Amino acid sequence: MTAFNKLIKGENILVKVKTKSDIGFWQYQIFGILSIFMERGNDYFIITDKRILLTVKEKIKVNFTYKDFSKIKMNTKTDLLSFQNGNNEIKEISLSGIKLEYEDYQYLKNKLD
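Described below are features of the structure shown in this document. Remember, it's a predicted structure, so these values are computed and weren't measured experimentally.

A few words now on unusual backbone geometry. In this structure, D79 is a non-glycine residue whose phi angle is positive, near 60°. Checked against the element boundaries, D79 lands in the loop between β5 (73-75) and β6 (80-84). Phi at N88 takes a positive value of approximately 60°, unusual for a residue other than glycine. Its location among the elements puts N88 in the loop between β6 and β7 (90-94). In this structure N88 comes out as partly exposed when scored by relative accessible area, which is 44%.

Rendered as structure tokens:
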């Protein structure tokens, strides 16, 4: 989470989802059964009062500012998050890059709808 602590300093976190990073096919082939016991890292999806952040394998993939929290919508069937940016344009973010579980979907649905 240190990759974006400086970005969100002073902002209120409204939504936070933390998931385990997936192990890639080649990583699994190289490390075999030992990869089950290795530290895989975490992926984060965070919505603050100003921005939407998504990190996958410790790299920031999404860093967008948005206009109105009440207009952020989540489509759980397609893993698409839609929001209105500062220029009043509707943008979409795919959350398929992180491994969301049933509880994560319920949490997001509760917070965003």
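On we go.
What follows concerns the side chain of N42. Along the chain, N42 falls in strand β2 (residues 42-48). Leave out the neighbours within four places in its chain, and N42 touches K18, T19, K20, S21 and E58.

The subject of this paragraph is the nonpolar core. Core analysis: the largest hydrophobic core is formed by 20 residues, its most contacted members being F45, I52, L81, L95 and L108. Elements with a contribution of two residues or more to this core: β1 (13-20), β2, β3 (51-56), β6 and α2 (102-112). Apart from residues no more than four positions distant in its own chain, I52 is found in contact with F45, I46, I47, V62, N63, F64, Y66, I72, L81, F83 and I93.

Moving on to the sheet that holds β1. Taken in spatial order, the four strands of this open sheet run β1-β2-β3-β4, and their pairing is antiparallel. Looking at the sheet topology across the chains shown, the edges are occupied by β1 and β4 (59-65). For this sheet the average axis-to-axis angle between neighbouring strands, irrespective of direction, equals 10°. Across six bridges, the pairing between β3 and β4 is antiparallel. Looking at the pairing, T55 lines up with I60 of β4. Sheet strands touched by α2: β1 and β2. Its angle to β1, the strand with the most contacts, is close to 170°.

Each aromatic ring pair is described using two quantities: the centre-to-centre distance and the angle formed by the ring planes. Inspection of every chain in the model, using the stated rule, returns two aromatic pairs. A centroid spacing of 5.8 Å and a plane angle of 40° characterise the contact between F64 and F83, whose relative ring orientation is tilted. Of this pair, F64 sits in strand β4 while F83 is found in strand β6, placing the two residues 19 residues apart along the sequence. With a relative accessible area of 37%, F64 lands in the partly exposed category. Owing to a relative accessible area of 1%, F83 belongs among the buried residues under this scheme. Each ring, one from Y66 and one from F69, has its centre 6.5 Å from the other, and the planes form 50°; the classification is tilted. Note on Y66: relative accessible area 9%, which makes it buried. Looking at F69, the relative accessible area reads 26%, which means it is partly exposed.

Calculation criteria
- Residues numbered from 1 in each chain as written.
- Predicted model: local features only at pLDDT ≥ 70, side-chain atom pairs only at ≥ 80, totals over all residues.
- Heavy atoms only, no water.
- Helix = DSSP H or I, 4+ residues; strand = E, 2+ residues; numbered from the N terminus.
- Buried < 20%, exposed > 50% of the residue type's maximum accessible area, 1.4 Å probe, protein only.
- Contact = heavy atoms within 4.5 Å.
- Core = buried A, V, L, I, M, F, W, Y, C linked by side-chain atoms within 4.5 Å.
- Pairing = 2+ DSSP bridges.
- Axes fitted to C-alpha atoms, helices over the stretch in contact; angles between N-to-C directions.
- Phe/Tyr/Trp six-rings, centres within 6.5 Å; stacked < 30°, edge-to-face > 60°.

Honestly, it's all geometry; don't read function into it.
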